[in-house]
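Spelled out from the first residue to the last, the chains are:
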Amino acid sequence: MKYYYAPGTIALAPHIALEMSGVSYQAIAIDLKAGQQRSAEYLAVNPLGRVPALLTDQGIITEAPAILNYLDNLQNNRHSPLVHPNPMSAYFRALIDSFNSFLSSTVHVAHAHLWRAERWASGQLAKDEMARKVPQNMIDYFNIIENDLLIGPWVHGEQMTSSDLCLFVITRWLPADGVDPRQFSHIYSHYQRMLEIIEVKNLVTGLYK
């Protein structure tokens with residue numbers, strides 16, 4: 001398999017999952033600042049010109065939640081700490097998909113209004129207004145996670161899942177969005193727990209600075 005990623009992106013979540021799974025893969029960095037995502041070569045991989053993308057022997061998978069689901073279902077991934085020890089119920093699978101979809105379609109988009117406002121507006125005044133809203137929007141969404149969605153110690157309770165990887169990555173973005181993650185006590189404890197696991201396992205976060 002080939003995994004296409006870029007520093008500072010949600011690609012970190014599936015990248016950690018790949019490392020935890022023990023599957024063999026080649027990591028290929030895409031330089032977003034240089035515009036490599038718009039090259040003909042990469043657009044043949046992902047026509048949206050975004051990361052992540054995973055090239056498998058069956059074809060290409062894009063979008064972080066889809067790649068995470070694929071890795072969950074790999075036969076040789078069953079001993080990963082991300083996989084439930086018993087057959088995963090349809091309800092538990094739906095909980096994971098629901099949380100990851102919320103992060104992907106809502107929280108990630110709110111974050112992107114500061115960094116990629118040109119996707120939604122061309123005028124500078126509109127871009128500036130979107131940027132000013134980002135800290136409060138992120139605080140509002142993280143309050144929902146803190147008070148309603150994070151069960152503890154992991155997102156969905158006693159078992160680590162891909163939801164924990166996604167939450168870890170987006171929590172990592174908060175300081176750059178002008179938000180102090182320490183104001184969310186449960187989320188910040190979760191973040192510290194994830195850091196401990198990543199440091200012990202010597203995972204790939206150094207590639208995403």
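Residues numbered from 1 in each chain as written. Predicted model: local features only at pLDDT ≥ 70, side-chain atom pairs only at ≥ 80, totals over all residues. Heavy atoms only, no water.

Caption draft 1: Here's a closer look at the pattern of salt bridges. Tallied over the entire structure, the rule returns 4 salt bridges. Note that D180 and R182 form a salt bridge whose closest N and O atoms lie 3.1 Å from each other. Since its relative accessible area comes to 57%, R182 is described here as exposed. Through salt bridges that share partners, D72, R93 and D97 make up one connected network. (Salt bridge = Lys/Arg side-chain N within 4 Å of Asp/Glu carboxyl O. Buried < 20%, exposed > 50% of the residue type's maximum accessible area, 1.4 Å probe, protein only.)

Caption draft 2: Summary view of the nonpolar core. Y3, I16, L103, M138 and F142 are the most contacted members of the largest nonpolar core, which totals 53 residues. When residues of this core are traced back to their parent elements, those giving at least two are β1 (2–5), α1 (12–21), α3 (64–73), α4 (90–115), α5 (124–149), α6 (162–173) and α7 (185–201). Examining the composition of this core, we find that 7 residues originate from one element, α6, more than from any other. Residues within four places of I16 in sequence aside, it is in contact with L165, F168, I198, L203, V204 and T205. Formed by 7 residues, the second largest nonpolar core is a distinct cluster that contains A6, I30, Y42 and A53. (Core = buried A, V, L, I, M, F, W, Y, C linked by side-chain atoms within 4.5 Å. Helix = DSSP H or I, 4+ residues; strand = E, 2+ residues; numbered from the N terminus. Contact = heavy atoms within 4.5 Å.)

Caption draft 3: Geometry of the pairing of strand β3 (residues 53–56). Inspection of the sheet shows β1 paired to β3 by 3 bridges, in the antiparallel sense. Residue pairing for β3: Y4 is matched across the bridge by A53. As defined by bridge partners, β3 adjoins strand β4 (residues 59–62) across 4 bridges and the pair is classed as antiparallel. Across the sheet, the residue bridging to T56 is G59, located in β4. Counting the residues between successive antiparallel strands, the hairpin from β3 to β4 contains 2 residues. (Pairing = 2+ DSSP bridges.)

Caption draft 4: The packing of aromatic side chains, seen in detail. In this structure the tally under the stated criterion is 6 aromatic pairs. Ring geometry for Y5 against Y208: centres 5.3 Å apart, planes inclined by 40 degrees, an arrangement best described as tilted. Of the two residues, Y5 is situated in strand β1 and Y208 in the segment after α7; the sequence distance between them amounts to 203 residues. The class of Y5 is buried, set by a relative accessible area of 8%. The exposure class of Y208 is buried, given its relative accessible area of 3%. Between F102 and Y141 the ring centres are 6.0 Å apart and the planes differ by 85 degrees, which places this aromatic pair in the edge-to-face class. On the criterion of sequence distance, the pair formed by F102 in helix α4 and Y141 in helix α5 is long-range, its members being 39 residues apart. (Phe/Tyr/Trp six-rings, centres within 6.5 Å; stacked < 30°, edge-to-face > 60°.)

Caption draft 5: Representation of the packing of α3 against α4. With their axes 10 Å apart at the nearest point, α3 and α4 run at an angle of 155 degrees to one another. It follows from the interaxial angle that α3 and α4 lie roughly antiparallel. Between α3 and α4 the crossing geometry is right-handed. Along its contact with α3, which presents P65, L68, N69 and D72, the element α4 presents R93, D97, N100 and S104. For the contact of α3 with α4, a count of residues per class yields 2 nonpolar, 3 polar and 3 charged. (Axes fitted to C-alpha atoms, helices over the stretch in contact; angles between N-to-C directions. Parallel < 35°, antiparallel > 145°, perpendicular 65-115°, else oblique. Left-handed = near helix turned anticlockwise from the far one by under 90°. Nonpolar A, V, L, I, M, F, W, Y, C, P; charged D, E, K, R; others polar.)

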